[in-house]
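Analysis of the macromolecular model
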Amino acid sequence: FSPPPALKPPPPQIPPQIGYVLALCYSAAMGSMSYRGKDRDGREVWELQLSLGYEPDTQSYAKYTERIHGPKTSARRRLRDLERDQDDGKLKAASSQTLGEYLTLWLEGLDARNLARHTCQEYRATAKRYLIPRLGYLRLRAVSAEDIDAMLAKLARDGLSPATLLKVKTVLSSALTQARKRGYIATNPAHDAITPKLRRADMVTLSEQATDELLSALSGDPFYQCLFLVAVTTGMRRGELCALRESDVDLAEATLSVQRGADVGAEGVVMSDPKSPSARRTIRLHERTVQALATHSLLLDDYRRRFKDRWQENALVFPSVRHWVHKGRELPTGRLLLPHSITQRWDQVRKDGLVPEKMRFHDLRHTHATQLLRAGVNVKVVSERLGHANVSITLNTYAHVLPDMQQSAVDALDWLSSRQ
């Protein structure tokens, strides 16, 4: 005979009013808000906390914390947004990982995105050189706009240019945008950080006469004379010239096809995708450019006979014709031309006084566009020759040329004079 099992006491009866309130409390994400004083600008600082639920990996209840600088009404509005995101599943109970750990994983997945090789290389270099060493120790969810502002200010004091600072912020913003889309953070703090002011380099262009004088002065250097002629009559970029193959040029049809570019990476100069899909284009050539390319082909044959076994055949229009030894290793001729080699030759042209002192090699591309626009060529045609993604880029870049075209528009109305 065994005694009967002990009966459990009945659960306490909860009044209906209290039960209704508890149901409301537990049906939605619960957040809290606390006052943390004022910042340097005298703004109120409010700390928001939101429970994200139980994390099996850490066996703890994760919390999301965010600080708001501003009035109490703004903090309350932000807290309601966070609670709604939590209810909708947009704010995930993920990770307590640091920004450095997240950036490392984000960089590993760059190759899966539709980015040019050169862009991936720049993202990796920027993140590893500036972002991870300076902000990598912070928790991903704790990174604030103030942290980013402080980092950019420190880099500016170290002598970094505004263009580099803008690149640093752009890379960080791109990484944090993906973190926000995946629910790791609620907002992207880089959007609220200060954007470095970038001063566009002054555009220096040549007139038709000055262009002809430049090409005549380079008659003693036929290789670069042809390269500069192709640049100023097609508007091609420096990397596109380096990657141009003989199969891309059709002298019979007087056309040239731009299919790729050349970039410098850790493995040296390599072929890469164009800057944008619209950069793949076909350009019709002027008769003088066709003749120069035909003569240039004979010059390359002469280089092949001269270097013989030391020539590496890549069927390039503008290969490297310089034979030299780098770090004890002999580099063959005929290889991809280093884009910086074009810049070095251009620097010599500037020192010789053949072009204005502040003119860059890229300004030959601007020269091509401005000469066409002043000649009355349709903006859409100019945009296609330059490989711009849309006509608005061409209009914004060369807006200073368009007022000069107003007179030609008035001249087109001369037929009105005969009606008087």
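Up top is the structure these notes are about.
All of the points below concern the structure found in this document. (Residues numbered from 1 in each chain as written. Predicted model: local features only at pLDDT ≥ 70, side-chain atom pairs only at ≥ 80, totals over all residues. Heavy atoms only, no water.)

The next point concerns the pattern of salt bridges. Inspection of the entire model under this criterion finds 17 salt bridges. Of the charged contacts, one joins R36 and E47 as a salt bridge, the two residues approaching to 3.2 Å between their closest N and O atoms. Here R36, found in strand β1 (residues 31-38), pairs with E47, found in strand β2 (residues 44-55); they are eleven residues apart in sequence, far enough to count as distant. The partly exposed category is assigned to R36, whose relative accessible area is 46%. Residue class for E47 comes out buried when judged on its relative accessible area of 11%. With a closest N to O distance of 3.7 Å, K167 and E122 form a salt bridge. Taken as a pair, K167 in helix α6 (residues 162-181) and E122 in helix α4 (residues 117-135) lie far apart in primary sequence, 45 residues in all. Judged by its relative accessible area of 34%, K167 falls in the partly exposed class. If you follow the salt bridges from partner to partner, you end up with E246, D301, R304 and E313 in one network. (Salt bridge = Lys/Arg side-chain N within 4 Å of Asp/Glu carboxyl O. Helix = DSSP H or I, 4+ residues; strand = E, 2+ residues; numbered from the N terminus. Buried < 20%, exposed > 50% of the residue type's maximum accessible area, 1.4 Å probe, protein only.)

Another point: the packing of aromatic side chains. Evaluation of the coordinates by the stated rule reveals eleven aromatic pairs. On the numbers, 6.3 Å between centres and 80° between planes, the contact of Y102 with Y184 is edge-to-face. Here Y102 is found in helix α3 (residues 99-108), whereas its partner Y184 is found in the loop between α6 and α7 (208-217), with 82 residues between them in sequence. The exposure class assigned to Y102 is buried, which follows from its relative accessible area of 5%. Residue classification places Y184 among the partly exposed positions, given a relative accessible area of 23%. Here the aromatic cluster, defined as three or more aromatic residues joined through ring pairs, consists of F223, Y224, F228, F318, W346 and F361. (Phe/Tyr/Trp six-rings, centres within 6.5 Å; stacked < 30°, edge-to-face > 60°.)

With that out of the way, let us pick up the packing of helix α8 (residues 222-234) against helix α12 (residues 363-374). Where α8 contacts α12, the axes come no closer than 6 Å and their chain directions differ by 45°. If you check the angle between α8 and α12, you find them oblique. Together, F228, A231, V232, T233 and T234 of α8 and L364, T367 and H368 of α12 make up the contact between the two elements. Looking at the contact of α8 with α12 residue by residue, the class counts come to four nonpolar, four polar and no charged. (Axes fitted to C-alpha atoms, helices over the stretch in contact; angles between N-to-C directions. Parallel < 35°, antiparallel > 145°, perpendicular 65-115°, else oblique. Contact = heavy atoms within 4.5 Å. Nonpolar A, V, L, I, M, F, W, Y, C, P; charged D, E, K, R; others polar.)

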